[in-house]
Amino acid sequence: MANRLSQIATRTGDNGTTGLGDNTRVSKDSLRVHAMGDVDELNSQIGLLLCEDMPAGVRELLVEVQHQLFNLGGELSIPGFELLKPEAVALLDAALEEHNAKLPRLAEFILPAGSRAASQAHVCRTVARRAERAVVALGAAEPLKDAPRQYLNRLSDLLFVLSRVLNRMNGGDDVYWKSERLKNS
């Protein structure tokens, strides 16, 4: 691989703009930059989750997710370009089906809690939802392909399921919400 990032501090953003992959400059508070930043934050949070103990298959899946999120960030940085393929969404669908099939059905809402790994998966889930909202907002203002929105939607669902998987890893369980409404029924 070539030296693509030979200079990190260019100072070209000191005026509140940033360069996109097509060499255009946009305000750092643009919808596109917000979406790119939320996807970047999600990728970083998944990197933190990967510091935890987890089954090898889950680890491999999350590493692949990180690569696909980098593709998604690249696609967002080049208006009109496609890097994230529909096959990436299909991979998440298959993983969702596989992992959810091993879990008991939910009878009640669960809290974003339990083991540290499960709790971090919940943090990733909420950041994925924020990134999805940012991509939806960008898509309302500019043309976008469907895959980025679909990928983030599916990924947040998968992270919810993986939080349940991670809570059960060492004999744990979900942390159920104690509903006042149900208690008084």
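Figured I'd write up the structure that's included with this text. (Residues numbered from 1 in each chain as written. Predicted model: local features only at pLDDT ≥ 70, side-chain atom pairs only at ≥ 80, totals over all residues. Heavy atoms only, no water.)

**Observations concerning the overall build of the protein**
Step number 1: The secondary structure content of the protein amounts to 6 helices and 2 strands.
Step number 2: Taken from N to C terminus, the helices and strands of the protein fall in the order β-β-α-α-α-α-α-α.
Step number 3: Total accessible area computed for the protein in this model is approximately 10,700 Å², and 54% of it derives from carbon and sulfur atoms. (Helix = DSSP H or I, 4+ residues; strand = E, 2+ residues; numbered from the N terminus. Areas by Shrake-Rupley, 256 points an atom, 1.4 Å probe, with all protein chains shown as cover.)

**Looking at helix H1 (residues 31–49)**
Step number 1: End to end, H1 covers 27 Å across 19 residues, agreeing with the expected 27 Å (1.5 Å per residue, within 8%).
Step number 2: Taken as a whole, H1 has its buried residues at Arg32, Val33, Ala35, Asp38, Val39, Leu42, Asn43, Gln45, Ile46 and Leu49.
Step number 3: Looking at the buried side of H1, the elements it contacts are strand S1 (17–19), strand S2 (25–27), helix H2 (56–77), helix H4 (116–141) and helix H5 (146–168). (Expected span 1.5 Å × (residues − 1). Buried < 20%, exposed > 50% of the residue type's maximum accessible area, 1.4 Å probe, protein only. Contact = heavy atoms within 4.5 Å.)

**Comments concerning the side chain of Asp38**
Step number 1: Residue position: Asp38 is located in helix H1.
Step number 2: Apart from residues no more than four positions distant in its own chain, Asp38 is found in contact with Val127, Arg130, Ala131 and Ala134.

**What to know about the side chain of Ser163**
Step number 1: Tracing the backbone shows Ser163 in helix H5.
Step number 2: There is a polar contact of 3.0 Å between the side chain of Ser163 and the side chain of His122.
Step number 3: Non-local contacts of Ser163, meaning those with residues more than four positions away in its chain, are made with Ala118, Ala121 and His122. (Polar contact = N/O pair within 3.5 Å; in protein donor to acceptor, adjacent residues only side chain to side chain.)

**A closer look at the packing of H1 against H4**
Step number 1: Where H1 contacts H4, the axes come no closer than 8 Å and their chain directions differ by 165°. Classified by the angle their axes make, H1 and H4 are roughly antiparallel. Once H1 is placed against H4, the crossing between them reads as left-handed.
Step number 2: Here the contact of H1 with H4 is built from residues that sort into 19 nonpolar, 3 polar and 4 charged. (Axes fitted to C-alpha atoms, helices over the stretch in contact; angles between N-to-C directions. Parallel < 35°, antiparallel > 145°, perpendicular 65-115°, else oblique. Left-handed = near helix turned anticlockwise from the far one by under 90°. Nonpolar A, V, L, I, M, F, W, Y, C, P; charged D, E, K, R; others polar.)

**Focus: the nonpolar core**
Step number 1: Counting residues in each nonpolar core, the largest one holds 41 residues, and the members touching the most others are Leu42, Ile46, Leu62, Leu69, Tyr151 and Leu155.
Step number 2: When contributions to this core are tallied by element, the ones reaching two or more residues are H1, H2, helix H3 (86–101), H4 and H5.
Step number 3: When residues no more than four places from it in sequence are discounted, the contact partners of Leu42 are Leu69, Cys124, Val127, Ala128, Leu152, Leu155 and Leu159. (Core = buried A, V, L, I, M, F, W, Y, C linked by side-chain atoms within 4.5 Å.)

**Notes on unusual backbone geometry**
Step number 1: For Asn23, which is not glycine, the phi torsion reads 70° and is therefore positive.
Step number 2: When you line up the elements, Asn23 lands in the loop between S1 and S2.

**Let's talk about the packing of H1 against H2**
Step number 1: Relative orientation of the contacting elements H1 and H2 amounts to 165°, with a least axis distance of 9 Å. Regarding the angle of H1 to H2, the classification is roughly antiparallel. Here H1 runs over H2; the crossing is left-handed. Residues Arg32, Ala35, Met36, Val39, Leu42, Asn43, Ile46, Gly47 and Leu49 of H1 form the contact with H2, whose participating residues are Leu62, Val65, Gln66, Leu69, Phe70, Leu72, Gly73, Glu75, Leu76 and Ser77.
Step number 2: Taken together, the residues of the contact of H1 with H2 break down into 12 nonpolar, 5 polar and 2 charged.

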